[in-house]
Amino acid sequence: MNVKEFLNTLNKIAPFEIAENWDNSGLLVGDYNAPVQKIAVALDTTPQSVKLAAENNCNVLLCHHPLIFKALKNINTNSLTGRAIQIAIKNDVNIIAAHTNWDKAGLNFNLAELLGLENICVPDLEKPFLVQGVLTQKMPLEKFLTHIKNSWGLSRLDCYAENYNHSISKIALCGGSGSEFWRTAKHFGNEIFITADFKYHDLIDATHSGLIIAVPEHGEMERASLPELVKKIKELANELEFIILDTRALNVPIRI
């Protein structure tokens, strides 16, 4: 299998055509005709993740967040992007991103499945990043927050509510930054909305509306879906070999 054929396989799982217009998913650095030897998977394309891919004999690095978002006027190897490109080219590492296409086709559904939710769906087709589902039994809020942390392997989870004495049954979530969707989550009767990077004034408005907000770290939340992405690819191409890299663009913050 070459890189182009691998992209075709990935397209069957998370079609590139459903990516947002502002996104930059697909082959970002590399050669369509290069044979795929071994694939490293990471959340972010950083010099560290590219270097680790090369050290593990991977000539493909599949990342969730694209290395390149805007047009580059130069490749400065003192910058994070330029250094990652330099290492990739020197080591023949082909860099591929599956970003908003994976968000819509798999990531958010997988996060809901990891929580054990049922009746998982997109309640508003105009906002395909938001999914919701229900627990088979109501769960006290504090217990549910612990359940989220354990299910997604989080190091931290912040919760905001006007009243913490709740039991939870209907949940909405959006992997990554989704604070703009809180009104949709509330409109469809969800009791709690889980998403990262919640904006301050949205947080005030949301909690005053009675909605409970749970805020994980952006990268940790999305990284939980990488094994599912690998699983789905291997279902179509079992001969491929993968390694999931334990790298972070940001270190876990110290809480003092």
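Structure: see above.
Residues numbered from 1 in each chain as written. Predicted model: local features only at pLDDT ≥ 70, side-chain atom pairs only at ≥ 80, totals over all residues. Heavy atoms only, no water.

### Some points on the side chain of T184
One can find T184 in helix 6 (residues 182–187). In contact with T184, other than residues within four places in its own chain, are D124, K127 and L130. (Helix = DSSP H or I, 4+ residues; strand = E, 2+ residues; numbered from the N terminus. Contact = heavy atoms within 4.5 Å.)

### A short note on helix 4 (residues 100–114)
Because each turn of an α-helix spans 3.6 residues, side chains separated by three or four positions end up pointing in the same direction. Here helix 4 is 15 residues long and its end C-alpha atoms lie 20 Å apart, about the 21 Å a rise of 1.5 Å per residue gives. Largest kink in helix 4: about 45 degrees, centred on G106. Burial analysis of helix 4 places 11 of its 15 residues in the buried class, the great majority of the element. Of the positions making up helix 4, those classed as buried are T100, N101, W102, D103, K104, G106, L107, N108, N110, L111 and A112. G116 sits one or two residues past helix 4 and shows a positive phi near 75 degrees. (Expected span 1.5 Å × (residues − 1). Bend = angle between axes of the 7 residues up to and from the residue. Buried < 20%, exposed > 50% of the residue type's maximum accessible area, 1.4 Å probe, protein only.)

### So, the packing of helix 2 (residues 47–55) against helix 3 (residues 80–90)
Where helix 2 meets helix 3, the axes come as close as 8 Å, and the angle between the chain directions of the two elements is 10 degrees. When the interaxial angle is binned, helix 2 and helix 3 end up roughly parallel. On the side of helix 2, the interface is formed by P47, V50 and K51, while helix 3 contributes L80, R83, A84, I87 and A88. (Axes fitted to C-alpha atoms, helices over the stretch in contact; angles between N-to-C directions. Parallel < 35°, antiparallel > 145°, perpendicular 65-115°, else oblique.)

### Considerations on the pattern of salt bridges
Any two side chains of opposite charge can pair, so long as their charged atoms come close to each other. Applying the stated rule across the entire model yields 9 salt bridges. When the shortest N-O distance is used, the salt bridge between E191 and K138 registers 3.3 Å. Here E191 is found in the loop between helix 6 and strand 9 (192–196), whereas its partner K138 is found in strand 6 (residues 131–140), with 53 residues between them in sequence. What makes E191 partly exposed here is its relative accessible area of 24%. Put simply, D158 and R156 hold a salt bridge, and the shortest N to O gap is 2.8 Å. (Salt bridge = Lys/Arg side-chain N within 4 Å of Asp/Glu carboxyl O.)

### Section: the layout of surface pockets
One water molecule sets the probe size; rolling that probe over the atoms shows where empty space is left. In this structure, the largest pocket encloses a volume near 280 Å³. Around the largest pocket, the lining is made up of 20 residues, and of these W22, H99, T100, D103 and S177 lie nearest the centre. Of all the secondary-structure elements, those providing two or more residues to the lining of the largest pocket are helix 4, strand 8 (167–177) and helix 8 (218–223). No other element matches strand 8, which puts 4 residues into the lining of the largest pocket. When the residues that make up the lining of the largest pocket are grouped by side-chain class, the tally is 6 nonpolar, 7 polar and 7 charged. Roughly 180 Å³ of internal volume is contained in the second largest pocket. Contributing to the lining of the second largest pocket are L43, D44, H65, E217, H218, G219, E220, R223, T247, R248, A249 and L250. When residues of the lining of the second largest pocket are traced back to their parent elements, those giving at least two are strand 2 (39–44) and helix 8. Looking at which element gives the most residues to the lining of the second largest pocket, the answer is helix 8, with 4 residues. Taken together, the residues of the lining of the second largest pocket sort by class into 3 nonpolar, 4 polar and 5 charged. (1 Å grid on protein atoms, 1.4 Å probe; cavity = no way out; pocket = protein on both sides within 12 Å on 5 of 7 lines; lining within 4 Å. Points joined across faces, edges and corners; volume = space filled by probe spheres on them. Nonpolar A, V, L, I, M, F, W, Y, C, P; charged D, E, K, R; others polar.)

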